[in-house]
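Spelled out, the chains give:
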Amino acid sequence: LSFAQSRLWFLHQFHGPSAIYNIPVALRLHGKLDAVALRAAFSDVVARQESLRTVFGLSDGVPRQLIVQAEKAHWGWRTVDATTWSAHQLAEAVGAVGRL
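Undergrad: Can you help me understand the environment of Ser 43 in this one?
TA: Among the structural elements, Ser 43 can be located in helix H2 (residues 35-48). On the basis of relative accessible area, Ser 43 is assigned to the partly exposed category, the value being 33%. For the pair Ser 43 and Gly 76, spaced 33 residues apart in sequence, the C-alpha to C-alpha distance is 11 Å.

Undergrad: Where do I start with the pairing of strand E1 (residues 54-59) in this structure?
TA: Across a regular strand the side chains alternate sides, sitting on one face of the sheet and then on the other. Inspection of the sheet shows E1 paired to strand E2 (residues 62-67) by 6 bridges, in the antiparallel sense. If you follow Phe 56 over to E2, its bridge partner there is Gln 65. Between E1 and the antiparallel strand that follows it, E2, lie 2 residues; Asp 60 among them carries a positive phi value of about 55°.

The rules we used
- Residues numbered from 1 in each chain as written.
- Predicted model: local features only at pLDDT ≥ 70, side-chain atom pairs only at ≥ 80, totals over all residues.
- Heavy atoms only, no water.
- Helix = DSSP H or I, 4+ residues; strand = E, 2+ residues; numbered from the N terminus.
- Buried < 20%, exposed > 50% of the residue type's maximum accessible area, 1.4 Å probe, protein only.
- Pairing = 2+ DSSP bridges.

So this is what it looks like as structure tokens:
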């Protein structure tokens, strides 16, 4: 692992899972969403960027990088229709996802 990766791995071992290094993003889309096309675009980015598919595992007690094959990468895609939600409900849901 690089020094930065070693630090992240150590902090994960010490504190457990954390969203502190995540950068949550919420997008407000208007109009009809082509969810299939959006998912394909995200899949393409994940396939091209190994850093988005890199996990850390132990090999003989030593942390090592493992790059997950693109077709086996699961990145938590979820589509939620919030068109009938109030602004408060929407803010609560976005906040909850950002804290994961």
